[in-house]
Each structure stands twice: as C-alpha cells, then as structure tokens.
Amino acid sequence: MYKKTPSRGAHVCMYVTPLCMHMPWWYACLLILPMLSACHHNNDAYSLSYPKGKQYATEIETMLKTAKCADDSLILLTQAISGYCDDGINGHIDNGLWRKYSFEKKLHLCATDSVKLLCSSSADLLIDAIHNFTPWRAYAYSYGAGPNLLAHVCVLVDIRGKLAHADPYFGHVMYDAAADTLMDFYNEIELLKQGWLGKLKRKQLNYSNDMLICDDSVSISGYVDDIGRAIGVQQDNIPAIEHSTGICPYKVKIQMTMDKWAKLERGGKPYIEWLSYKGYKSIDYLVLFPIDVYSSPSYMGETFAQYLKRTLLMLTQQKRP
C-alpha cells in the first residue's frame, strides 16, 4: 500500500557516474556532492512526509484484524475515524481541497491537530478508509433542508448487497434494534416512513475526538460550560481544556453524539426545530430529505452514486409517517 516511487533526486543520482567520465575529477566532485545531498534530502522528505498518517493507517489495519464479522469491521472503522476527526467552532477546511489529499496526509493532519473537519470531510475520510482496508464500496449521502442550510452528511456502505448507514461525525452505525445487526438503509427509510423509530438503534462504542478552539481560554471555558449545561454533564465530568501544538492553542476532548449535538444552539437545535415544523419528532428523520449522493474522487463509482440518489429520491417522496 505504501509503494515508494523514485524521487526526482534519485533520478539525478542515476546519472552521476556517466557525467563524471567526461570531466576532471575535482570538478566532478563539486557536482557530485550537491547531487548526493539532493538525493538524501528528497528521500528523507518522502519518508518523513506524513509519519503520523502512516502510523494511524497501520493502527487501523491492525485493529481491523480483531473483527469477527463485517458488522464489527464497520463499527470499528467508523469509531476509529470519528476519534481521529478534529472538530471546531469555525475555520473548518474546505472539503473540495480536503478531498484531493491522500489518505495518509488526511490522517497526519488530524493527528497533528492541523485541520478542523465538518461532517462532509469526516465522511470523506471514512470513505477513504473503507476503500483502503475493505473490499466494500462507500458513498457520501448528504441530506436535510438544502446544501447551504441545514444539511448533514453520512456514509452509505455497500456490503455484499446490504447498504449500511455509518456516521463518522457522530461515531455511530445504524443497527436493527431487535436483531442487533446492521440495518439496511432501504429498510431504515421504510421504517422511518412508517414512524417506527423504535426499531432503529445507533450502535456506538466509546471514543473521543478533539475539538480545536482558537479563542482565549476564558471563551473556551464558557463554551465548555455551555456544552455541559446543554447535555446534562455534571460539573466534575465536563471535558478538560488541553493545550495544543496545532492550528489552535487549545483543544477539548469530547464525545459529541448526535443526541448531545441536537441539544446545542450552535449545533442541532435548528435542525430539530425545522423537523418539528415538518411534523417529525426526532433528528433521525432528517435522512428522509435527500440532497445528493457522491463517490470518492479516487473511486470511479459515480454511476452507482447517481443511481442511489435517484432511488432515495423516489423512496422518500412520501416522507411523513
């Protein structure tokens, strides 16, 4: 997976010997020294480019070997990506730029607190992980009130004909509540259309991710207190503020679940109000409002993505239970 290609410096080194045959020895030495230096420098730059990304990728690969079935693999992978994805109040990376980065570069930037990710960037990272470590195909699914309004993005994973619903931003995978197995997304749509929310379960393991905040420590304390009040956390359990060497001087370790996020003014409260106006009682019903389905730039799956989009638009035309 990490196949090393010759650097530009390596190509230069290949031609040092023929050049030396046609010039005085002292002049050749003057040429050879900087060339060798360039070779060494370029090889070092290649090997050290994204060390944390390589480390994280190896950790994910090792972790997946403990999975006993596809269900385990998907939940472990989703939780891992959720733990790596850093969030923040503002200043999130543009997803158009983010999607062009390699998987290792993305992991490295997360490891070094160098980026803040929203749901779409988190989904793209999980899609990369799925395409790197599994035989499955995955697609980003955006849904809500509109692309520039109240929208969210999750990942739909095609596992041997079953379309699983994973959310790396909140770290859960949708399960059948009774069978405790992966829920097919088409079945999830039908159950929600019937109003049978109780048949669904968001499967989630323990994890935490970094919330990067560039404000001063007083502002951060106020924000953390807001989170504590909104989600009912006891004072001694409110996440501690830590120093960061990344793009922000501070960060907070937190597990932001969908239910917690739905209670925040600067989070899901507007979504809840919009859904209530539409006649829905839970944030889970947001998936009944398709916007787009798209594939990763590294995978030629756009045809199937468009098929999924048309299918979901058709299935959700009569949404209200």
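Let us look at the structure shown here.

Scoring rules and cut-offs
- Residues numbered from 1 in each chain as written.
- Predicted model: local features only at pLDDT ≥ 70, side-chain atom pairs only at ≥ 80, totals over all residues.
- Heavy atoms only, no water.
- Helix = DSSP H or I, 4+ residues; strand = E, 2+ residues; numbered from the N terminus.
- Buried < 20%, exposed > 50% of the residue type's maximum accessible area, 1.4 Å probe, protein only.
- Contact = heavy atoms within 4.5 Å.
- Phe/Tyr/Trp six-rings, centres within 6.5 Å; stacked < 30°, edge-to-face > 60°.
- Lys NZ or Arg CZ within 6 Å of the ring centre and 35° of its normal.
- 1 Å grid on protein atoms, 1.4 Å probe; cavity = no way out; pocket = protein on both sides within 12 Å on 5 of 7 lines; lining within 4 Å.
- Points joined across faces, edges and corners; volume = space filled by probe spheres on them.
- Disulfide = S-S within 2.5 Å.

What about the overall build of the protein?
Step number 1: What the protein contains, in helices and strands, is 13 helices and 11 strands.
Step number 2: Out of the 321 residues in the protein, the part that is buried amounts to 47%.
Step number 3: By sequence separation, contacts in the protein at least 24 residues apart represent 64% of the contacts at least 6 residues apart.

Some points on the packing of aromatic side chains
Step number 1: Going through the model one piece at a time under the given rule, you end up with 13 aromatic pairs.
Step number 2: Judged by centre distance (5.4 Å) and plane angle (55°), the ring pair of Tyr139 and Phe304 falls under tilted. Taken together, the positions of Tyr139 in strand E2 (residues 137-144) and Phe304 in helix H13 (residues 302-315) put the pair 165 residues apart, joining distant regions of the chain.
Step number 3: What links up through ring pairs into an aromatic cluster is the set Tyr169, Phe170, Trp261 and Tyr271.
Step number 4: Lys199 extends its terminal NZ or CZ atom over the ring of Trp196, reaching a point 5.6 Å from the ring centre.

Describing empty space enclosed by the protein
Step number 1: Taken as a whole, this structure holds 3 cavities of 30 Å³ or more when the rule is applied.
Step number 2: Its volume calculated, the largest cavity comes out at about 90 Å³.
Step number 3: Lining the largest cavity are 13 residues, with Cys85, Asp87, Tyr169, Asn209 and Met256 sitting closest to its centre.
Step number 4: Considering only enclosed or pocket space, the second largest cavity measures out at about 50 Å³ in volume.
Step number 5: Around the second largest cavity, the lining residues are Tyr143, His165, Asp167, His172, Met174, Glu188, Arg202, Met258, Ile283, Asp284, Leu286 and Val287.

With respect to the state of the cysteines
Step number 1: One pass over the full model with this rule turns up 1 disulfide.
Step number 2: Two residues share a disulfide in this structure: Cys214 and Cys248, whose sulfurs sit 2.0 Å from each other. On the sign convention where negative is left-handed, the bridge of Cys214 and Cys248, at about -60° about the S-S bond, is left-handed. With Cys214 in the loop between strand E8 (209-213) and helix H10 (217-231) and Cys248 in the loop between strand E9 (241-243) and strand E10 (250-254), the pair connects residues that are 34 residues apart, well separated along the chain.
Step number 3: On the basis of relative accessible area, Cys214 is assigned to the partly exposed category, the value being 42%.
Step number 4: For Cys248, a relative accessible area of 1% corresponds to the buried category.
Step number 5: Between Cys85, a free cysteine, and Cys110, which holds the nearest cysteine sulfur, the sulfur-to-sulfur gap is 5.2 Å.

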